[in-house]
Amino acid sequence: MTAPQTIQSAIDTILGATTLAPLPHTADTLKSGDPERPLTGIVTTFLATADVITRAAQHGANLIITHEPTYYSDHDTDDVAWLDGDPTYDAKRALVESLGMAIWRFHDYWHLMTPDGIQTGVARQLGWPLDDPSIDTREAIRAWSMTRGQDWNAELAGASSSVATIPATTLSQLAEDVRSGLGAAQIRYVGPAELPVRRVALTVGALPGKMTIATLQRDDVDVVLCGETREWETCEYLRDAAYFGRPKGMLIVGHATSEEGGMAYLAEWLRPQLPGVTITHLPSGDPFQTI
């Protein structure tokens, strides 16, 4: 008789399917829950909000695979003591425990897939064909280290983001098309409204400004699509680039909006790896409201 699938065995299967060697330092660890419990179902999401956790239980799942932190801090494990006694933190912990939910982060390995799993999913959401990856797994891991300020190499930083060739358009029209394609409430952009665009790089999430600027330095990139950005870095680089006659553009769509499509794609990617397991994507949504 085959032993029932456990939460841990599902995680092991997923990590094995990436074909990546174990990372020595990673945020991709179990944040809550008992890994030896039998698996009842999986939910993928950009972020395990209290609402997503509640809805996951209603779907019969007991494993949430989240892309970003659950407990408001980078690694969610050894850096949350400062939250002890906070009523929101305590209530969220209590909710997770009361529902018997396990929460596992899948960030580093998914980004290190070739091609990047998040960028692939977002491009599919927008209907954009991506170039074949220009870097291999070893180079992707080195580029990943640059997001933490290590081992800088401008050429590799610029090559680490996937690039799509799209029908000729303008920056302002692209912003409208992306807003519609991603279901965003609003999009900000930097650059001339009538800038001609054919090539868009996906610098999604919250890449450091140095890496985004390195991508814009490529001759074959017109615009970058990013999640969030420190406004005194790439935004000001682009403002000055236009002044000196080298205009390019950037779309700022919000961190969640820029990566949710990649976690929807994860649900699709997982189903052949875990046959018989119910796998659902639940979007966490954009936390911002605009007026």
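Residues numbered from 1 in each chain as written. Predicted model: local features only at pLDDT ≥ 70, side-chain atom pairs only at ≥ 80, totals over all residues. Heavy atoms only, no water.

### Focus on the packing of helix α2 (residues 50-58) against helix α3 (residues 87-98)
Axes are the key here: two packed helices are described by the angle between their axes and the distance separating the axes.
In step 1: Two elements in contact, α2 and α3, have axes separated by 10 Å at closest approach and are oriented at 10°. Accordingly, the angle class assigned to the pair α2 and α3 is roughly parallel. Here α2 contributes Ala50, Ile53 and Thr54 to the contact with α3, which in turn contributes Lys92, Leu95 and Val96.
In step 2: Considered class by class, the residues forming the contact of α2 with α3 number 4 nonpolar, 1 polar and 1 charged. (Axes fitted to C-alpha atoms, helices over the stretch in contact; angles between N-to-C directions. Helix = DSSP H or I, 4+ residues; strand = E, 2+ residues; numbered from the N terminus. Parallel < 35°, antiparallel > 145°, perpendicular 65-115°, else oblique. Contact = heavy atoms within 4.5 Å. Nonpolar A, V, L, I, M, F, W, Y, C, P; charged D, E, K, R; others polar.)

### Looking at the side chain of Thr215
In step 1: In this fold, Thr215 is placed in helix α9 (residues 209-216).
In step 2: The class of Thr215 is buried, set by a relative accessible area of 0%.
In step 3: In this structure Thr215 touches Ala157, Gly158, Ser161, Ala201, Thr203, Val221 and Val224, once residues within four positions along its chain are discounted. (Buried < 20%, exposed > 50% of the residue type's maximum accessible area, 1.4 Å probe, protein only.)

### Structural notes on the sheet that holds strand β3 (residues 63-66)
In step 1: With mixed pairing, 5 strands are arranged side by side in an open sheet as β1-β4-β3-β2-β10. At either end of the open sheet lies a strand with only one pairing partner, and these are β1 (30-32) and β10 (279-281). Across the sheet, the mean angle from the axis of one strand to that of its neighbour is 25°, orientation sign disregarded. (Pairing = 2+ DSSP bridges.)

### Overview of the layout of surface pockets
Here the idea is plain: a probe the size of a water molecule rolls over the atoms and shows the empty space left.
In step 1: When its volume is computed, the largest pocket comes out at roughly 1,000 Å³.
In step 2: As for the largest pocket, its lining consists of 47 residues, and the residues nearest its centre are His107, His111, Trp144, Thr147 and Leu207.
In step 3: At the level of elements, α4 (108-111), α6 (137-146), β7 (196-203) and α11 (255-270) are the ones that each hand at least two residues to the lining of the largest pocket.
In step 4: In this structure, the second largest pocket encloses a volume near 390 Å³.
In step 5: In terms of lining, the second largest pocket is formed by 19 residues, of which the most central are Gly254, His255, Asp286, Pro287 and Phe288.
In step 6: Residues that form the lining of the second largest pocket fall into these classes: 7 nonpolar, 9 polar and 3 charged. (1 Å grid on protein atoms, 1.4 Å probe; cavity = no way out; pocket = protein on both sides within 12 Å on 5 of 7 lines; lining within 4 Å. Points joined across faces, edges and corners; volume = space filled by probe spheres on them.)

### Considering the packing of aromatic side chains
In step 1: Enumeration over the complete set of coordinates arrives at 6 aromatic pairs.
In step 2: Ring centres of Tyr71 and Tyr89 lie 5.6 Å apart, and the angle between their planes is 80°; this geometry places the pair in the edge-to-face category. Of this pair, Tyr71 sits in the loop between β3 and α3 while Tyr89 sits in helix α3; the two residues are 18 residues apart in sequence, bridging distant segments of the chain.
In step 3: Taking 5.2 Å as the distance between ring centres and 90° as the angle between the ring planes, the aromatic pair formed by Tyr243 and Phe244 counts as edge-to-face. An identical accessibility class is assigned to Tyr243 and Phe244; each is exposed.
In step 4: The structure contains a cluster of three or more aromatic residues connected by ring pairs, namely Trp104, Phe106, Trp110, Tyr265 and Trp269.
In step 5: Positioned above the aromatic ring of Trp144 is the side chain of Arg148, whose terminal nitrogen or guanidinium carbon lies 4.3 Å from the ring centre. (Phe/Tyr/Trp six-rings, centres within 6.5 Å; stacked < 30°, edge-to-face > 60°. Lys NZ or Arg CZ within 6 Å of the ring centre and 35° of its normal.)

### With respect to the pairing of strand β2 (residues 42-45)
In step 1: Burial along β2 is two-sided: Ile42 and Thr44 facing one way and Val43 and Thr45 facing the other are all buried.
In step 2: Bridging between β2 and β3 involves 4 bridges; their strand directions are parallel. Considered in β3, the bridge of Ile42 is made with Leu63.
In step 3: Here β2 pairs with β10 via 3 bridges, running parallel. Within the sheet, the bridge partner assigned to Val43 lies in β10 and is Thr280.

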